[in-house]
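Residues per chain are reported as follows:
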Amino acid sequence: MKDLTGKLGKLIFPDVEEKKSRRIVVQVIIGLSIALLSMAGMLFYSHQEVRQRQKFQQIKGAEVTLPEILPDMPQNIAGGEEAEPTKEKSSEGESGNVMEDMGEADKYTVAFPYDWDSLTEANGDIKGWLYLPDTPIDLPVVGAPDNDYYLTHDFWKQEKSAGCPFMDKDTGQWDFNRTIYAHNMGKTSGAMFSPLLKFKDRDYFMAHRQLYYTQCYGITAEYQIMAVVKYNAGDTGSWDFRTRNHADMESYNLWMEQLEEHALYYAEPDHAPAEILTLSTCDRSEFGKDGRLVIVAGKCQ
């Protein structure tokens, strides 16, 4: 090996002394090896992502075309200071099929033909399905007695570092605010909640307001994103994004005011949300290991 690097060094760097040229060659070889291994790892991981998405598409049911959504929020936006893990009941369809007579009052409700029988057979922990248009986030949401299991296990309960989106362990179906967690796998990744990092861009936030959540064996409701928050999980005393319910209107109003104060971007909704869906992922750009990026969406009425 020493002779080989010496010969390569003399060939590539003829004007450099042998010892130094040999050292340069070794560093180049090591660098290229690391680069090749990194590329191989990225290709393998991308392949795994694609395979998982294909499996999800096969099991979730047929594709649908979203109806045209009328704008529900004004375009004014406030930039805030940069700061884991009661609802109206609606009748649930027996098999998640399209409801025949949605009516004018249900203009923000659409039906996605998810195959809930196959999904529950694959994983009895399933809670629903989350879909954000124009992103790879088209994923099942699960739930467990703790907030740890699905950090390291996928939807099929296989050990995977990417995990699976999951509801906060304390969340109830009729809570005012339901929180869903998932990993941030890096800004270049489309896996799990990594695409949420794009919401740190004001223009992207303004252009991507809709998300859809479908309760297991239930209907699909549209939510409109109203706030993006950089959150410090080590400081929950001032305001906790995971607050599930409010005892009275005063505490509700206070929580909403604090949401706006903590928001990186905030858009005032036309109506006070009767239900909120919160998405949370890690973001170490500001608060290190305690950093979270939180997306708060109100249910359209």
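Preceding this section is the structure that the text describes.
Before going into details, it helps to say that this report is about the structure given with it. Computed from a predicted structure; not experimentally measured.

## Focus on the overall build of the chain
For the chain, the count of helices and strands is six helices and 11 strands. A total of 301 residues make up the chain; the buried ones form 44% of that total. For the chain, the accessible area works out to roughly 16100 Å², and carbon and sulfur atoms hold 52% of it.

## Let's talk about the packing of aromatic side chains
Under the defined criterion, the tally for this structure stands at 14 aromatic pairs. Consider the rings of Phe176 and Tyr252, whose centres lie 5.4 Å apart with planes at 70°: the pair is edge-to-face. Within this pair, whereas Phe176 is found in the loop between strand S5 (166-167) and strand S6 (177-181), its partner Tyr252 is found in helix H5 (residues 249-262), the two being separated by 76 residues in sequence. For the pair Phe176 and Tyr252, a shared accessibility class is recorded, and that class is buried. An aromatic cluster is built from Phe176, Tyr231, Trp239, Phe241, Tyr252 and Trp255, whose rings are joined through pairwise contacts. A cation sits over an aromatic face here: Arg209 above Phe205, 5.2 Å from the ring centre. The ring of Phe241 has Arg242 sitting right over it, with the charged end atom 5.9 Å from the ring centre.

## What about the pattern of salt bridges?
Pairing between side chains of opposite charge can happen when their charged atoms approach one another. Counted by the stated rule, this structure contains 10 salt bridges. As a salt-bridge pair, Lys230 and Glu286 come within 3.7 Å of each other at their nearest N and O atoms. On the criterion of sequence distance, the pair formed by Lys230 in strand S8 (residues 220-232) and Glu286 in helix H6 (residues 284-287) is long-range, its members being 56 residues apart. For the salt bridge of Asp290 with Lys289, the shortest nitrogen-to-oxygen distance reads 3.7 Å. On the basis of relative accessibility, which here comes to 26%, the residue Asp290 falls in the partly exposed class. Counted as one network, the salt bridges with shared partners bring together Arg178, Glu275 and Lys299.

## A look at unusual backbone geometry
Phi is positive for Met192, close to 50°, though the residue is something other than glycine. Tracing the sequence through the fold places Met192 in the loop between S6 and helix H4 (202-207). Taking the relative accessible area as the measure of exposure, Met192 reaches 3% and is therefore buried. Notably, Tyr217 is not glycine yet its phi reads approximately 60°, a positive angle. Along the chain, Tyr217 falls in the loop between strand S7 (210-215) and S8.

## As for the pairing of strand S4 (residues 138-142)
Buried residues dominate S4, accounting for five of its five residues. Pairing between strand S3 (residues 126-131) and S4: five bridges, direction antiparallel. Within S4, the residue paired with Gly128 across the bridge is Val141. Hairpin connection, S3 to S4: the antiparallel pair is bridged by six residues, and Asp134 has positive phi, about 65°.

## With respect to the environment of Lys160
Tracing the chain through its elements places Lys160 in the loop between S4 and S5. In sequence terms Lys160 and Tyr150 are 10 residues apart; their C-alpha atoms lie 9.0 Å from each other.

## Side note on the nonpolar core
Of all hydrophobic cores here, the largest spans 31 residues; its most connected members are Leu130, Leu196, Phe199, Leu211, Leu277 and Leu279. Broken down by secondary-structure element, the contributors of at least two residues to this core are S4, H4, S7, S8, strand S9 (263-266), strand S10 (276-282) and strand S11 (291-299). For this core, the leading source of residues is S8, giving four residues. When neighbours within four sequence positions are excluded, Leu130 is seen to be in contact with Ile137, Asp138, Leu139, Val141, Phe193, Leu211, Tyr212, Tyr213, Leu277 and Leu279. Of all hydrophobic cores here, the second largest spans 30 residues; its members include Leu151, Phe155, Tyr252 and Ile276.

## Here's the deal with H5
Taking 1.5 Å per residue, 14 residues should reach 20 Å; H5 reaches 20 Å between its end C-alpha atoms and fits that length. Three or more residues of H5 are buried, namely Tyr252, Trp255, Met256, Gln258, Leu259 and His262. Projection of H5 onto a plane perpendicular to its axis shows the buried side chains occupying an angular sector of 160°, all on one side. In H5, the exposed residues that point more than 90 degrees away from the buried face are Met249, Glu250 and Glu261. Buried residues in H5 make contact with S6, S8, S9, S10 and S11. The backbone nitrogen of Glu250 lies 3.3 Å from a side-chain oxygen of the residue at the head of H5, namely Asp248.

Conventions adopted
- Residues numbered from 1 in each chain as written.
- Predicted model: local features only at pLDDT ≥ 70, side-chain atom pairs only at ≥ 80, totals over all residues.
- Heavy atoms only, no water.
- Helix = DSSP H or I, 4+ residues; strand = E, 2+ residues; numbered from the N terminus.
- Buried < 20%, exposed > 50% of the residue type's maximum accessible area, 1.4 Å probe, protein only.
- Areas by Shrake-Rupley, 256 points an atom, 1.4 Å probe, with all protein chains shown as cover.
- Phe/Tyr/Trp six-rings, centres within 6.5 Å; stacked < 30°, edge-to-face > 60°.
- Lys NZ or Arg CZ within 6 Å of the ring centre and 35° of its normal.
- Salt bridge = Lys/Arg side-chain N within 4 Å of Asp/Glu carboxyl O.
- Pairing = 2+ DSSP bridges.
- Core = buried A, V, L, I, M, F, W, Y, C linked by side-chain atoms within 4.5 Å.
- Contact = heavy atoms within 4.5 Å.
- Expected span 1.5 Å × (residues − 1).
- Arc of directions from axis to C-beta.
- Polar contact = N/O pair within 3.5 Å; in protein donor to acceptor, adjacent residues only side chain to side chain.

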